Amino acid sequence: MVTGCPSFPKEFAERYREMGCWRGETFGNMLRERAESQGERIAVTSGEKNISYAELDKRADGLAAGFQQLGIRKGDRVVVQLPNRIEFFEVCFALFRLGALPVFALPSHRSNEICYFCEFAEAVAYVIPDTYMEFDYRTLAKEVKNTVPGLQVIVAGDAGDFLALPELYAAAIVDPPAVSSSDVAFLQLSGGSTGLSKLIPRTHDDYIYCLRLNGEFCRLNQDSVYLAVLPVAHNFTLSSPGVLGALYAGARVVLAAAPSPDEAFPLIEQERVTITSLVPPLALIWLEAVASSRYDLSSLKVLQVGGAKFSEEAARRIKPAFGCTLQQSYGMAEGLVNCTRLDDPEETIVSTQGKPVSPYDEIRVVDEDDIEVAPGEVGQLLTRGPCTIRGYYKAEEHNEKAFTPDGFYRTGDLVSVNAAGYIVVEGRAKDQINRGGEKIAAEEVENHLLAHPAVLDAAIVAMPDAFLGERSCAFVILRHENPTVGALKNFLKERGIAAFKIPDRIEFIDSFPYTPLGKVSKKELRKMIAEKINGKRLKE
Ligand code: J2J
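Residues numbered from 1 in each chain as written. Predicted model: local features only at pLDDT ≥ 70, side-chain atom pairs only at ≥ 80, totals over all residues. Heavy atoms only, no water.

Threshold: UniProt positions are given in the numbering used here, feature names are shortened, and annotations may be inferred rather than shown by experiment.
As annotated in an unreviewed UniProt entry, the protein carries the name 2,3-dihydroxybenzoate-AMP ligase and is attributed to Dendrosporobacter quercicolus. Note on the protein: under the UniProt heading Pathway (unreviewed entry), the record states "Siderophore biosynthesis." The protein has a UniProt comment under Sequence similarities (unreviewed entry) that states "Belongs to the ATP-dependent AMP-binding enzyme family."

Spelled out as structure tokens, the structure:
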């Protein structure tokens, strides 16, 4: 067992097994079974490259042996920061076979986040591409090594001073470790609301159950083709049903290098893609582009949209524009996933975020005192179930607040549930900005701003945005000097944080509005910035 990972209470685990939710499958065995039953079929396509199930299985074994020779053992953590390339799959399945845990970083993360993941998870290795989107990850790795000297850096590509992934493949694992389905398979990242992202321990049992159900609701089978346009490491693209759900179903995964219609539409035509998933801003871009597209997108059966609230108006346009079914997906890396069903009435599909995938997902909608609200009323969503973790990795104190004593996870989402059990996301009680699906923990960025000598105080809120849904606005009280907005943004960039976390707007202010309890009133700040934006729009 990896220490610091809260597990499911015994009686719940037994029940989820008895009910057939958890079937004792592991990712390592899952791939082996697919390789045995349909080895010749293609598992993943990336550009000109194709890898069959049998090859992927063999490559994963070879790499597992190589990792083992590097000293990576069962339970060790490895930060994996790979974009949508075949190596992502080889690395993950190699680690799964060893019982080592990938920690899923996103390509947009920079030194500050990566150092934190490596230090906090006590990672033994860090896997990167050489370059991606004109960014050199080896330079990033050098910075990380200054802080975490013992880390082994493995590069998928031209390795420079580091270890070259292609050279690691070895013959066979010695004494293959026993990996149990109740073991933690990896650490996923939380969107976070207090300070740094929390790490989410997901077991083979709970994750495979979740992606299996998601696959069923999307009617995935061997003939399905899933196009991954968003980063594969994001929980939505990884598992709802995502790339892992597609492999579970024996389908084919196609990797897009970028999410733009220019890249994705030709791929849909060429590869006869049947399903893909988008965040709302991307869905808007695709909607614009499809009208004048010369590509044949008729193979597409399901277009999933999730990660942030999709407006009803835009949702209504999907079916007429693409000729396929929209599926709204409302999930969280902590576990619970809701989706609309493909045969739901169109009204349900466009106006709700779906219902839980598992009949054993328990839902409570509560007020500020944890009392359940009347049916249909808005409250905070609490959940417990066979997919949802019972606590974050090494976060005992935080877990006390993030979970109820009886194990419900406090999602921080404000929702209402209709008579048919479908959830509508109405708002958010957590201190987070959802920038078109990318989550920003206000406190994390506020802390970075506070590190600037001229900043006395800072508060970050969401401001409405027609395209992204929300953007971030930082209200800043200065001490004496007058740094420019550009200088402050640069300061944040130099601290090594992902670009999406840098505030879209910075407003200087003399003092903050306060609540009667003496806390900074973010509600008032949100109102101030929304009014300012609207006022400007009225004048224009
Ligand atoms: C409104 N808010 C949403 C939606 C997520 C499937 C789909 C998405 C994620 C994901 C995921 C939303 N409408 N349709 O992991 O498996 C907001 C909520 C939620 C938070 C979780 C999956 N879909 N959200 O986005 O861990 O606030 O997972 O609590 O990144 O995103 O974010 P994340």
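Once you've had a look at it, read on.
## Overview of the packing of helix α2 (residues 27–38) against helix α4 (residues 86–98)
Here is the rule we go by: Where helices are involved, their axes are fitted lines through C-alpha atoms of the stretch in contact, as for all axes, and angles between N-to-C directions lie from 0 to 180°. Helix and strand assignments follow DSSP, with helices taken as H or I runs no shorter than four residues and strands as E runs no shorter than two, numbered in order from the N terminus. The contact criterion used throughout is that any non-hydrogen atoms of two residues lie within 4.5 Å. Gly counts as polar in this scheme, as do all residues outside two lists: the nonpolar Ala, Val, Leu, Ile, Met, Phe, Trp, Tyr, Cys and Pro, and the charged Asp, Glu, Lys and Arg.
Across the interface, α2 lies against α4 with an axial gap of 8 Å and an inter-helix angle of 115°. Contacts between α2 and α4 involve F27, G28, M30, L31 and R32 from the former and F93, F96 and R97 from the latter. Each residue belonging to the contact of α2 with α4 can be placed in one class, and the counts come to 5 nonpolar, 1 polar and 2 charged.

## Some details on the environment of R526
On the secondary structure map, R526 appears in helix α17 (residues 522–539). Residues R526 and A462, 64 residues apart in the sequence, show an inter-C-alpha distance of 6.4 Å. Once you skip the residues sitting within four places of it in the chain, R526 turns out to touch V461 and A462.

## Some remarks on helix α12 (residues 312–322)
Definition in use: Here the term buried applies to any residue with accessible area under 20% of the maximum for its type, exposed to any over 50%, and partly exposed to those in between, with areas from a 1.4 Å probe on protein chains only. As used here, the arc is the angular range of directions from the helix axis to the C-beta atoms.
Every buried residue of α12 is accounted for by A314, A315, I318 and F322. Angular distribution of buried residues about the axis of α12 spans 105°; they occupy a single face of the element. Exposed residues pointing more than 90 degrees away from the buried face of α12 are listed as E313 and P320. In the segment just after α12, G323 is the residue with positive phi, at about 65°.

## Overview of the pairing of strand β15 (residues 302–306)
Under the convention used in this document: Here the rule is simple: two strands pair whenever DSSP picks up at least two bridges between them. For a crossover, the right-handed case is the one in which the path from the first strand over the helix to the second runs clockwise, viewed with the strands pointing away from the viewer.
The element β15 is extensively covered by neighbouring structure, given that 5 of its 5 residues are classed as buried. Every second residue of β15 is oriented toward a common face, with V302, Q304 and G306 on one face and L303 and V305 on the other, all of them buried. For strand β14 (residues 275–278) and β15, the ladder comprises 4 bridges, and the chain directions are parallel. Across the sheet, residue T276 finds its bridge partner in β15, namely L303. Handedness of the crossover joining β14 and β15 through helix α11 (residues 280–290): right-handed. As paired strands, β15 and strand β16 (residues 325–331) are joined by 5 bridges and run parallel to one another. The partner of V305 across the bridge, within β16, is Q328. Chirality of the crossover, the property in question, places the unit of β15, α12 and β16 among those that are right-handed.

## Structural notes on the nonpolar core
So the rule is basically this: In these notes, a set of buried Ala, Val, Leu, Ile, Met, Phe, Trp, Tyr and Cys residues joined through side-chain atoms within 4.5 Å is what counts as a nonpolar core.
Core analysis: the biggest nonpolar cluster contains 61 residues, and F27, F67, F88 and F89 have the highest contact counts within it. With 10 residues, the single largest contributor to this core is α4.

## Side note on the sheet that holds β16
Read from one edge of the open sheet, 9 strands run β2-β1-β13-β12-β14-β15-β16-β17-β18, paired in mixed fashion. Edge positions in the sheet fall to β2 (49–52) and β18 (355–356), since each has one partner strand and no second. Sheet topology note: the strand β12 (residues 225–228)/β14 ladder contains 2 bridges and is parallel. Bridge pairing in β14 places L227 opposite T276.

## Examining the site of the ligand
Cut-off, in case you're wondering: To be near a molecule or strand, a residue needs just one of its heavy atoms within 4 Å of it. Think of a polar contact as two N or O atoms within 3.5 Å of one another; within protein, one of them needs to be a possible hydrogen donor and the other a possible acceptor, and neighboring residues in sequence only count if both atoms come from side chains. Computed by Shrake-Rupley with a 1.4 Å probe, the accessible areas treat only the displayed protein chains as cover when residues are assessed.
In the vicinity of the ligand, 20 residues are found, and the nearest of them are S240, S329, A333, D413 and K439. Take G307: an N or O atom from its main chain is 3.1 Å from a nitrogen atom of the ligand. When the ligand sits alone it has 610 Å² of accessible area, and the protein chains cover 96% of it. Where the shell around the ligand is concerned, the elements lending two or more residues are α8 (235–239) and β16.

## Thoughts on unusual backbone geometry
Between S240 and the following residue, P241, the backbone shows a cis peptide bond with an omega angle of -5°. When you line up the elements, P241 lands in the loop between α8 and α9 (242–248). We note that M133 has phi near 50°; this positive angle belongs to a residue other than glycine. Structurally, M133 is set in the loop between β6 (131–132) and β7 (135–136). For D175, which is not a glycine, the phi torsion comes out positive at approximately 45°. Within the fold, D175 resides in the loop between β9 (163–164) and β10 (184–189). The exposed category is assigned to D175, whose relative accessible area is 67%.

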